[in-house]
Amino acid sequence: MSEIANVFLQIALIVLIALLFPCVYRVLIGPSPADRLQALETITTLLIGIIIVLAILQRSAFVIDVGMALAAFAFIATLAIARYLAEGRVF
Amino acid sequence: MRLSTFVFAVPMAVLWMGLTSRTTLESFGVGYLLSAAILLARPPRLRLNVARLPGQLWALFVYALILFRDIVLSGIDVARRVLSPDMRLKLGIITVPTGDTRKSPFVAALSADVITLTPGELVVEIEGDDTLYVHCLDAEASARTADQVQARRLALLLRIMGRETDE
Amino acid sequence: MIQIVCLIVLFSLAILTPLVARQVRSDRQGMFLSLVLMALFGAFLLQLPAVTSGTAEQFSAGWMPQIGLSFSFMLDGLSLLFALVITGVGAAVMLYAGYYFDKPEESTRFFALIMAFTGSMLALVMAGNLITLFIAWEGTSILSFLLIGFKGKDQEARRSASQALMITGGGGLALLAGLLLLGSAAGSYELADIAASGEALQMHPWIGAILILIFIGCFTKSAQFPFHFWLPNAMSAPSPASAFLHSATMVKAGVYLLARLQPTLGDLPLWTTALPVFGLVTLGFGALVALRQTDLKGMLAYSTISQLGALVALIGLPESHGIKAAMVGILAHALYKGTLFLVVGAVDHAAETRDIRILGGLRRTLPGFAWVTLIAGLSMAGMPPLFGFVSKELMIEAVIQQPIALAVMGVSAALTVTLALRLYLEVFILPPRETALPAHEAHHLPRGMVIGPGVLAAASIVAGIGIAPLITPLVEPAVGTDTRLYLFPPEGINQAFLMSMLALAVGAGVFAIRRVWLAWRLPTLITGPQVYRAAVSGVESFGDLLLRSQNGKIRNYLMVILLSVLILIALPILILDRGLPIPPILLTTAADVLKAVLLILSLLATAASILLDRHLLAALALGAAGYAIGGIFLLEPAPDVALVQFLVETLATVLIIVILARTSTEERKRAISTLWGGVSRRGVWRDAALSAAIGAAVTTFALAAVSSRQGRTTIADWHLANALPQVGVNDVVAGIITDFRGTDTVIEISVFGIAALGVLTLLARPVPGRTRILIRRRRRRSDTQLKDALQEDAETPELLLYRSRFTNPVTQLAASIILPIAVLIALGHILYAGAAPGDGFTAGVIIGLGIALWFVVYGYEDTKRRLPWLHPTPLIGFGLTLALVNALLPVLFGRAFLAFTPVNGIDIAEIKIASTTLFEIAICLAVFGGISTIMEAISHPRECEPL
Amino acid sequence: MPISEVVGLVFVGIGVFFSLVGVVGIIRLPDVYSRIHASGKVSTLGIIGLLVGAAFLLPDVTLKAFVLALLLVITSPVASHAIAAAAHRQGIAPVQAVRDDLSGKRTAIPPNM
Amino acid sequence: MNTLFALATGAMFAMGVFQLLRRDLIKAAMGFYILFTAINLLFLAVGAYDGVVPAYVNSDNTLDGQPSDPLVQALILTAIVISFGSYALLLGLIAVSSRRFRTVDSDEVDQLKG
Amino acid sequence: MTDTLLLGPIFIPLLGAAVGILLSREKTIQHAIGFAAGVLAWLCSIGVLAATLNGDLLTYRLGGWTPPYGIVLVGDLLSALFAVMATTVIAAGLLYALGCRDQSVSYPAFMPLFLCMGAGLNGALYTGDIFTLFVFIELMVIASVILVAISDNRLGLEAAIKYLFISAMGTLFLLIGIASLYATFGTLNMADIGRLLATGERPLLAQSAAVMLMCAFLLKSAVFPFHFWQPDFHTTAPTPVHAVLSSVVVKVGVYGLIRMMTLMFTAEAPLIQDLLVILGVIGICFGSLGALRTYDAKRLLAYSTFGQIGFILVGIGWGTAAALAGALVYAVNHAFIKSSLLMITGTVSSRKHNKSAKIADIGGLGKGMVLASGLYFLGGLSLAGVPPLNGFVSKVALVQGGIGTDEWVVFGLVVGAGMITLLYMTRTWQLIFQQPPADSLKTKPHGDSPLAPTLLIGLCIALGFFASPLLDVAARTVAQLGDPQVYIRAVLGG
Ligand code: NA
Ligand code: NA
């Protein structure tokens, strides 16, 4: 991979990292729990994005395996929380 | 043993190849066997017919393309709105009946998923397996086209499912 | 050999009596046992010639050489003298006791105890080893405790028993320390060796401590002032026990030990001062106090104390002046005091009181006892020609050179005369002094009851008259020198004789004016029991104070623990701080930036989880922190760990949400309102300071750890080099987990499995008859609304409450798509565990999450109905069994536990099949079972727990 | 620089761009429902862009990237819907709504935290 | 970077301890969880090397660069499983405690004293 | 071949637990398997002890990997002796459980949990790897927490929560210690660490590792000031569990302390020993007085354990060979005495409907229970160190070890504390078995079976009369511990 690509990807990574902070801001200010939950969901998604860029940078497919687990299963927690918010119970 | 078991095992086998990063025929075979075993243990509820299968697959392919186009287009649209100073929002929640006479939950679920997947539209509530309440960034535009879009969507979905519209 | 025989006989009797003799009348029991003791008495008597000539058999066998304990017994003059007293008095007491007890079950218990006691007492006096002696010593204390508390229903008896045990047992501990030090100083615990090393011992630096400890032991046992007070209280014991233990034998154990050690240590100044001082004080004190007692037994007890004091004082006299008198005194006292105790027991039986103020004129009902009392009383008073006279003469003679001792001895002798007169006259002859108190009509007693005391009283006469031929041979070997005993001084009337005559006269005089001194009101001094009780309650209040620290507040406990650790850990940090290198923080690559950001993010999220005063939000923050940590793992780069972290974090979030849902909002609100308001501001600062200090310590560790990375060799190098060649994996972490450290994994999944089982048992344990469907009243807030909303698709009333609007087509579709995908992913993790991130554990968590999704979407009832094949608990069991069988099978074939066994010849899609594959499957099943079990438990609708 | 790399980087750029758009939306948009739209964009277009880029830049992960995208397409709308439904059931009304078909069906369940 | 890591580990510990000392049992349980996370960070810190590639060996038993310490990773994995099991159990206990003692305030769960 | 015996005490119970979970519906089979596993484990541990008596060490390489790269089980005299103690009490506990009428014992999870607790305990004793030690301890802790939480005593839950929190502190200390050791020496094998510590200098991390490990072990043995959990946790446990917890599980910390001081931190040992004497003395005072004043007969025994551990620590702290041997003998004897006493108390209190052992409730409860009365009396005496029971032997052995240490105050205290033990044991005995029962006292006709405590008291008596073998083993153990190279060579070879 060329140096330019490397630099480009590093910048992409830093942008994605920077994007985490507005989401954290949203998590902190809310106002509704759903807002926070949604911001967290975004953070998770951004993490997946970061993982992908990282995989390219490190030339490592293993890293994507980890992102896969996040993509497939992180929403379960979101679902549980959402249901709790909606109904005051999970089950 | 249902046909659907062996058909659905194919995409799962592809999934398997992706999961294990091995794009060989051998790997596909292993994935297919494992997937078939899983599906045998828990057969899908969908019933398939050999004769209709090619049509269904074609419909799926077509719909995937359409969906991809919709996602990209509305994505660009939403990006423009979000980045513009006044955002030109016309927020609102509209009612979108699935239009499925059989009130199939499967149709409702797929419709809802597809709607939500499209930027600018979001299913907030599902009522009675046939009524979707959709939050839109541009409620007016969506309301205008909703019925028509849903009709097209339903038709494709039913074709994918192997059901005729009038059934 | 006789030692062993008699021990075997007595202890067998102790065990057998309660077993076989329940149907036998008590007097027959007594008679039999008396005969046994008489036989033993005879047997001991037959040893006399051998003992005198010093050829008596010694018995010694190894026991526990490591602690210097040998099973050794001897029989010398001193032992024999005591043995004869024990068996002789014992025989009389047994005879008496047979009549004393009405119920056979009481008497069998008594006889069992008394036989064991006799055995212990004999073992004590015959022991040839210090520790053996101590064992017997403690045995007598314990049996005394049981006998004093014989009437356990009586609170006073229990208290006295406990008190006596405390005093004698406490003294016993001192004695033990003394004896162990003594043995250690002498280099041997054998009495013979100790006797031989007298010189060396007297020079030993510990000898003072040794003596004091031994004195404490002996004084407590022999009721010396100020430890005397347990003895009067011990009178709760049945009278035969009092006669035997608390007069004739056990209380003389201290005297015995002193006499035993006197030849070895008797020359020490401490010995010749402490013993006379304590002995004389006890002598005078006992004699004085005895007079004013109202309880007959109390009188006898104090009189006994007084006599014991005399004996101790005599043994403490320098140059063995008093030994002869002590030996004779032991004999004489055993005979007359034993008699008197038995009499008192009879009086108690007959008149149902022991109060001397009420008693009187019993001569008519108990004529035999009156005679017996007269004889024993006179012997006690020192009236010639009775044995007591000889004893008193010898005592006075022994101290004749020492004015103070002589004075005490004389006064006590006079007071003893008074006591004897009171006992005889006021009980048997004179009418009751205070008729105001209710008088009891005395009834007659069985005739045989008088035999025992009668024999003892007769012995007092016989021994007195036949003193030279009968007693001299007994005492001589015990004293060790040429001993001449005489009834009347052959030289004529000497000082001692005059003294004792004077004592008789004075004693009679004091008795005559008894109305005067009985009416005196003496100032009440602090008594022993008061001191004892004060000591005990002082100890108790200190205990209460300590227990206040156990205040039930977990936070306090944790704080103390953390603070202690902090103090302990501060020491090495402060001592050893050689200046840690603190490298500057440089962020050179995007990955570094990312790591820094993730670290900060995780810290921020963690801080948020602390600061947020909503549980849900705190839980969300915690989840965010966990994900950030996962990212850090990923950057390490440790993809395996990151994967697990993400999955576990997801599960943990689901879990805590469910737990939040299951606890009542009111309770949670109440608890979280204490976050800042419930503790004082100072408390918050205190917690913060403690936390900061601990954080600082950990930072130091971490800095030290990361700064020592350069040039380190670790066993991980070997793992890196050997993972592929040895166990055929590319993923070294996987190799470590399943092979190099596979046992950790076996145990770890067991931990996980049982934790899940625990959650299930806790939350859903079936209580028979209490199973009921939970109507979630705690969510009453929204229930009615939900019910209305759900009306249209209600199936059954129960399901109605569980069917959520959340169970809609979208979530249902997701659940049914994700589960097979999860299984597929899990299979991928298992089959490619050695080649990619993921292993059996992640596979289990993934399927578990798939199941968790079902529970979230469908709830308990529906999930159970839709996934009928799901039996989580047996899955745990199956997984663990599989793992263990997989690990143990190689052992059966002579290979190592969990040995790596590849299956060769199968090469499909780079899947490597080996024993580890089975292991991964087992792990997956156990973990999946565990998670499903937890899910099932926390989604369980039944409220089974009895509140 | 080979062409595949250029194409890959372009897609990465697109992915980052849509992620940026999504996050801007999260900050700018006025209510929870509209913010969920933005969030959804990050997941769909942003990640898909990055994945396509990865497929070009790292050819062995092409299939993997496809699978990841597929998983995201399956799960992301479910999560978005669930959050929206939760907001709705908590009684949160859409702001600046030109139309609200659910206005009569909103029951106010106070947040239970 | 390592310094920052060490500092973060310490800070995480401190926050865990602070959280653990709260009266609210659920908060304390979160502290429990934070502490175990912090321990994992510490283990990462004691790893033998500053790794740049995952601890995966190639088919010819070579490495692409300095790998991260695989042993500490294995230890962390074990610790995660165990601490997660404990955490689940703790939460279960707290849920039952809420049912049985009607409180999740640890100061009110104090019947055992003396 | 004999090395394989090391697997038995760990993996047979674990397998029993696994099968037990699998067969959770078949209570009879489950209990039979559990008991059989306990007995087999006991036999194996005896085999291990027998094989190590001649001074050889047993080592088992799990997975066949060479130490220090893999995990190794080591049976030296110390671990073998402690394991025999543990398995004996566990087997007795299982026997008690078979005849126990507690609700909690009837839960399907009970037997597997009990076996896991035993497996964890034995594993902690046998393992030669410090991280595996942590894993085994966790197995033991988690199992015991659940067992206490499901106890019939409703406050078991409270105790379990508290213990889980406090035990987490111990786990943290242990993990920090392990991390520090790994950071310093790059190995987890205790023999290897010992070897490296013996050669090299001691950086900060090694020192702090010593402190952290010590704290962890002190916490596991409930030593002041880490003791708070113990009375609560032990008292509320179901009787068979309480018996195991209070007698052998607490000894894990003692074992760990001895191991770390004799194998690894030999240079730091004198410092640690001084601390142990102080903590031990505090424990003796606190435990004895607590036992005297507490309100529950079971709790009394728990406090007593607190005190008895103090005696053991003092013995270790005195540091002489004789004192250490005395401490070992004390530890073993205490296990049998305490477990039997607890079981008898359980037998008696099982006659009450609420199974309470509160002193206010149990006056006269034992009226007519002649066997229980005798057993309790003997056990109490033994606990107080009254001859000729085994408690006496331990006391003498310990006190002899203290002679010549110049710590006369401690020496006096150790001797004197026996008096308080005597006081509270006899008081309680009188209360339960002598005092007339209150009129309101209602008893059940049947309680728990007294078979297990009878056997244990028999063992106590036997060990009182025939203590030589135990004393001998203890002396050999101390001799073996005196040279850490023996252990290191046996594990690492060469
Ligand atoms: Na959408
Ligand atoms: Na792996």
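Each value, and the rule that gives it
Residues numbered from 1 in each chain as written. Chains lettered and ligands numbered in written order. Predicted model: local features only at pLDDT ≥ 70, side-chain atom pairs only at ≥ 80, totals over all residues. Heavy atoms only, no water. Helix = DSSP H or I, 4+ residues; strand = E, 2+ residues; numbered from the N terminus. Rg over C-alpha atoms; globule rule 2.2 N^0.38 Å. Contact = heavy atoms within 4.5 Å. Buried area = accessible area lost by both parts, 1.4 Å probe. Salt bridge = Lys/Arg side-chain N within 4 Å of Asp/Glu carboxyl O. Polar contact = N/O pair within 3.5 Å; in protein donor to acceptor, adjacent residues only side chain to side chain. Nonpolar A, V, L, I, M, F, W, Y, C, P; charged D, E, K, R; others polar. Donors = N, O, S within 2.8 Å, 3.2 Å for Na, K, Ca; no water. Buried < 20%, exposed > 50% of the residue type's maximum accessible area, 1.4 Å probe, protein only. Pairing = 2+ DSSP bridges. Axes fitted to C-alpha atoms, helices over the stretch in contact; angles between N-to-C directions. Left-handed = near helix turned anticlockwise from the far one by under 90°. 1 Å grid on protein atoms, 1.4 Å probe; cavity = no way out; pocket = protein on both sides within 12 Å on 5 of 7 lines; lining within 4 Å. Points joined across faces, edges and corners; volume = space filled by probe spheres on them. Phe/Tyr/Trp six-rings, centres within 6.5 Å; stacked < 30°, edge-to-face > 60°. Core = buried A, V, L, I, M, F, W, Y, C linked by side-chain atoms within 4.5 Å.

What to know about the overall build of chain D
Counting its regular elements, chain D contains three helices and one strand. Each helix and strand of chain D, ordered N terminal to C terminal, gives the series α-α-α-β. Expected size for 113 residues packed as a compact globule is a radius of gyration near 13 Å; at 18 Å, chain D overshoots this value by more than 25%. When its C-alpha atoms are laid out on the principal axes, chain D stretches across 60 × 25 × 25 Å.

Some details on the interface of chain C and chain E
Contact with chain C, which involves 118 residues of that partner, is made by 91 residues of chain E. Area buried by chain C at its contact with chain E is led by Arg555(C), Arg709(C) and Leu720(C), which between them contribute 7% of it. Here chain C and chain E share five salt bridges between them. In this structure, Asp687(C) and Arg22(E) form a salt bridge, with 2.2 Å as the shortest nitrogen-oxygen distance. Applying the counting criterion to the chain C and chain E interface returns 22 residue pairs in polar contact (both at pLDDT 80 or more). For the side of chain C that touches chain E, the residue count by class is 75 nonpolar, 20 polar and 23 charged.

Quick notes on the coordination of the sodium ion (ligand 1)
All names here are of chain B. Here the sodium ion (ligand 1) is held by the protein donor atoms Thr116 (O), Thr118 (O) and Glu121 (O), which lie 2.0 to 2.3 Å from it. With a relative accessible area of 11%, Thr116 lands in the buried category. Among the residues examined, Thr118 registers a relative accessible area of 9% and is labelled buried.

Some remarks on the coordination of the sodium ion (ligand 2)
Residue and element names in this part refer to chain C. The protein atoms that coordinate the sodium ion (ligand 2) are Asp640 (OD), Asp731 (OD), Ala833 (O), Ala836 (O) and Gly838 (O), at distances of 2.3 to 3.2 Å. Donor residues binding the sodium ion (ligand 2) come from one chain and are separated in sequence as D-x90-D-x101-A-x2-A-x1-G. With Asp731 in the loop between helix 31 (715-727) and helix 32 (732-740) and Ala836 in the loop between helix 36 (809-831) and helix 37 (840-866), this residue pair connects regions lying 105 residues apart in the sequence.

Focus: the pairing of strand 1 (residues 59-64) of chain C
The side chains of a regular strand alternate between both faces of the sheet. All names here are of chain C. Relative to strand 2 (residues 69-73), strand 1 runs antiparallel, the two being bridged by five bridges. Within strand 2, the position partnered with Gly62 by the bridge is Ser70. A loop of four residues connects strand 1 with strand 2, the two strands running antiparallel in sequence, and Gly68 in this loop sits at a positive phi of about 75°.

Section: the pattern of salt bridges
For the structure on display, the rule yields 41 salt bridges over all chains. Of the charged contacts, one joins Glu540(C) and Arg427(F) as a salt bridge, the two residues approaching to 2.5 Å between their closest N and O atoms. Linking Glu540(C) in helix 24 (residues 528-548) with Arg427(F) in helix 17 (residues 408-434), this pair reaches from one chain into another. Accessibility expressed as a relative area gives 13% for Glu540(C), which makes it buried. Judged by relative accessible area, which is 30%, Arg427(F) ranks as partly exposed. Salt-bridge contacts for Asp101(D) lead to Arg99(D); the nearest nitrogen and oxygen are separated by 3.0 Å.

Quick look at the packing of helix 3 (residues 53-83) of chain B against helix 5 (residues 139-161) of chain B
Residues and elements named next belong to chain B. Contact pair helix 3 / helix 5: the axes reach a minimum separation of 7 Å and the direction vectors enclose 145°. Here helix 3 and helix 5 pass one another in a crossing that is left-handed. Touching Gln56, Trp58, Ala59, Leu60, Val62, Tyr63, Ile66, Arg69 and Asp70 of helix 3 are Arg152, Arg153, Leu156, Leu157, Arg159, Ile160 and Met161, all from helix 5.

Brief notes about the side chain of Thr916(C)
Residue and element names in this part refer to chain C. The residue Thr916 is located in helix 39 (residues 915-938) in this model. Among the residues examined, Thr916 registers a relative accessible area of 14% and is labelled buried. Apart from the residues lying within four places of it in its own chain, the contact partners of Thr916 are Thr738, Asp739 and Phe900.

Examining the interface of chain B and chain D
Each side of the interface is counted separately: chain B has 45 residues, and chain D has 40 residues. In total, chain B and chain D occlude about 3400 Å² of area from one another, counting both sides; carbon and sulfur atoms represent 71% of this. Among the residues chain B hides against chain D, the three largest losses belong to Leu91(B), Ile93(B) and Leu117(B). Together they make up 17% of the total. Here chain B and chain D share one salt bridge between them. Across the salt bridge formed by Arg89(D) and Glu125(B), the nearest N and O atoms sit 2.8 Å from each other. For the pair chain B and chain D, the number of links is 13 residue pairs in polar contact (both at pLDDT 80 or more). Looking at the side of chain B that touches chain D, the elements that each hand over two or more residues are helix 1 (3-20), helix 3, strand 1 (92-97), helix 4 (105-117), strand 2 (121-127), strand 3 (131-136) and helix 5 of chain B. Residues that form the side of chain B that touches chain D fall into these classes: 28 nonpolar, 10 polar and seven charged. Pairing of strand 1 of chain B with strand 1 (residues 99-100) of chain D, which is carried by two bridges, proceeds in the parallel orientation. Opposite Ile93(B), over in strand 1 of chain D, you have Asp100(D) as the bridge partner.

A short note on empty space enclosed by the protein
The computed volume of the largest cavity comes to approximately 180 Å³. Forming the boundary of the largest cavity are 16 residues, of which Leu40(A), Thr44(A), Ala77(A), Thr78(A) and Tyr627(C) lie nearest the centre. Contributions of two or more residues to the lining of the largest cavity are made by helix 2 (33-58) and helix 3 (62-87) of chain A together with helix 27 (615-635) and helix 28 (639-662) of chain C.

A short note on the sheet that holds strand 3 of chain B
Reading across from one edge, 2(B)-3(B)-1(B)-1(D) is the order of the four strands in this open sheet, with mixed pairing throughout. Here the strands that pair on one side only, and so sit at the sheet edges, are strand 2 of chain B together with strand 1 of chain D. Examined bridge by bridge, strand 1 of chain B and strand 3 of chain B share six bridges and lie antiparallel to one another. Paired with Ile94(B) across the bridge in strand 3 of chain B is Val134(B). Seen against the sheet, helix 2 (residues 32-57) of chain D touches strand 2 and strand 3 of chain B and runs at an angle of roughly 120° to strand 2 of chain B.

Focus: the packing of aromatic side chains
Taken as a whole and judged by the stated rule, the model has 57 aromatic pairs over all chains. For the ring pair Phe389(C) and Phe497(C), a centre distance of 5.9 Å and an interplane angle of 85° mean the geometry is edge-to-face. One end of the pair, Phe389(C), is in helix 18 (residues 387-398); the other, Phe497(C), is in helix 22 (residues 495-512), and 108 residues separate them in sequence. For Phe389(C), a relative accessible area of 0% corresponds to the buried category. With a relative accessible area of 12%, Phe497(C) lands in the buried category. Put simply, the rings of Phe59(C), Trp63(C), Phe71(C), Phe73(C), Phe465(F) and Phe466(F) pair up and form one aromatic cluster.

Some words on the nonpolar core
Core analysis: the largest hydrophobic core is formed by 763 residues, its most contacted members being Met327(C), Met169(F) and Met260(F). Looking at this core element by element, the count peaks at 21 residues for helix 6 (residues 156-185) of chain F. With residues near it in sequence (within four places) discarded, Met260(F) still touches Ala210(F), Leu213(F), Met214(F), Phe217(F), Phe265(F) and Ile272(F).

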